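Overview (structure and organization)
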Amino acid sequence: NAKAMAVLKSGSSAVEAVQQGVMIVESDPKITSVGYGGLPNASGVVELDASIMDGNDLECGAVAALSGFENPVSVARKVMEETPHVLIVGSGAREFALSKGFQERGLLTDAAREAWHKWREGERKKDQTEDHDTIGMVALDSRGQMAAACTTSGLAWKIPGRVGDSPLVGHGLYCDSKVGGAAATGIGE
Ligand code: GLY
């Protein structure tokens, strides 16, 4: 919130504010349900989902089941601004991110790998809702533009390829500058 407010106060757009705001959380290895440091799927791979929406023109972009990129919200913004599409998933999202110059990196921290090993050995609950959360952010800038962003690593230990609500516009988020905006957390199913 502090980062997004600083972006707004600098005169930048609501889209820029929500992107930069949630990137702080995506890049924080201590947060185990979003971005780098997120708990992995059942195969030990961190798969990320993210979306972003501009409330002025209702343009939106999203990625799902994307591995290897710390800030999926930034890839989602590229989908919104530089393609005619809304949602790109899996290997296509990876190729798209690479084509836009995003750098690949490992997302599985030592702590998340250890948690995954414990889960496989039955030392952690099988309940996939454990440690689950999501970040959603909605901003209103001084020109009256609203934007929203939502980003998550999804449910820990999920079946590879599982996608929840976060990258689905109208489910994980929605915003319209004339009306308002919302973002959802919780179990996407
Ligand atoms: N709400 C995020 C998810 O279920 O993946």
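Check the entry above for the structure.
Anyway, here's the lowdown on the structure attached to this text. Every chain is numbered on its own, with residues counted from 1 as its sequence reads. Only residues with pLDDT of 70 or above have their local features reported here, since the model is predicted, and side-chain atom pairs are shown and tallied only from 80 upward, although totals for entire chains, interfaces and linings are computed over all residues. Excluded from the side-chain calculation are hydrogens and water; included are all heavy atoms of the structure.

Once that is clear, we can look at the nonpolar core. By size, the foremost hydrophobic cluster in this structure holds 29 residues, and its most contacted members are V18, I52 and V63. Secondary structure elements are taken from DSSP: a helix is a run of H or I of four residues or more, a strand is a run of E of two residues or more, and numbering for both begins at the N terminus. For this core, the secondary structure elements donating two or more residues are α1 (2-9), α2 (14-26), β1 (48-54), β2 (60-66), α3 (72-82), α4 (90-99), β4 (135-140) and β5 (146-152). Considering each element in turn, this core owes the most residues, six residues, to α2. Residues enter a nonpolar core if they are buried and are Ala, Val, Leu, Ile, Met, Phe, Trp, Tyr or Cys, with the set joined through side-chain atoms within 4.5 Å. The buried label goes to any residue with under 20% of its type's maximum accessible area, the exposed label to any with over 50%, and the partly exposed label to all in between, with areas taken from a 1.4 Å probe on protein chains only.

Cavity means a closed set of points on a 1 Å grid over the protein atoms alone, one where a 1.4 Å probe fits but cannot get out, pocket means an open set with protein on both sides within 12 Å along at least 5 of 7 lines, and lining means a residue has an atom within 4 Å of a point. Grid points are joined across faces, edges and corners, and a volume is the space filled by probe spheres set on the points. The final tally for this structure, using the stated rule, is two cavities of 30 Å³ or more. If you trace the largest cavity, you find it lined by D49, H132, T134, T152, G154, R162, G164, D165, S166, G186 and G188.

Along the chain, N41 turns up in the loop between α2 and β1. What makes N41 buried here is its relative accessible area of 1%. Each polar contact in these results corresponds to two N or O atoms within 3.5 Å; when the atoms are within protein, one needs to be able to donate a hydrogen and the other to accept it, and residues that are neighboring in sequence are counted only if both atoms are side-chain atoms. A distance of 2.9 Å separates a polar atom in the side chain of N41 from the backbone nitrogen of S43. Contacts: residue pairs with any heavy atoms within 4.5 Å of one another. Excluding residues within four positions of it along the chain, N41 makes contact with E47, W116, W157, K158 and P160.

Here we come to α3. Judged by how many residues are buried, α3 sits mostly within the fold: eight of eleven residues are covered. Its buried side turned inward, α3 meets α2, β1, β2, β3 (87-89), α4 and β5.

The buried fraction of β5 is high, at seven of seven residues. The alternating pattern of β5 places M146, A148, C150 and T152 and A147, A149 and T151 on opposite faces, both of which are buried. As paired elements, β1 and β5 share six bridges and run antiparallel to each other. Following the sheet pairing, A50 is matched in β5 by T151. Pairing of β4 with β5 involves six bridges; the strand directions are antiparallel. Pairing of V138 across the sheet is with A148, part of β5. Pairs of strands are assigned from DSSP output, requiring at least two bridges between the strands. Linkage of β4 to β5, two consecutive antiparallel strands, is achieved through a turn of five residues, within which G144 is found at a positive phi near 90°.

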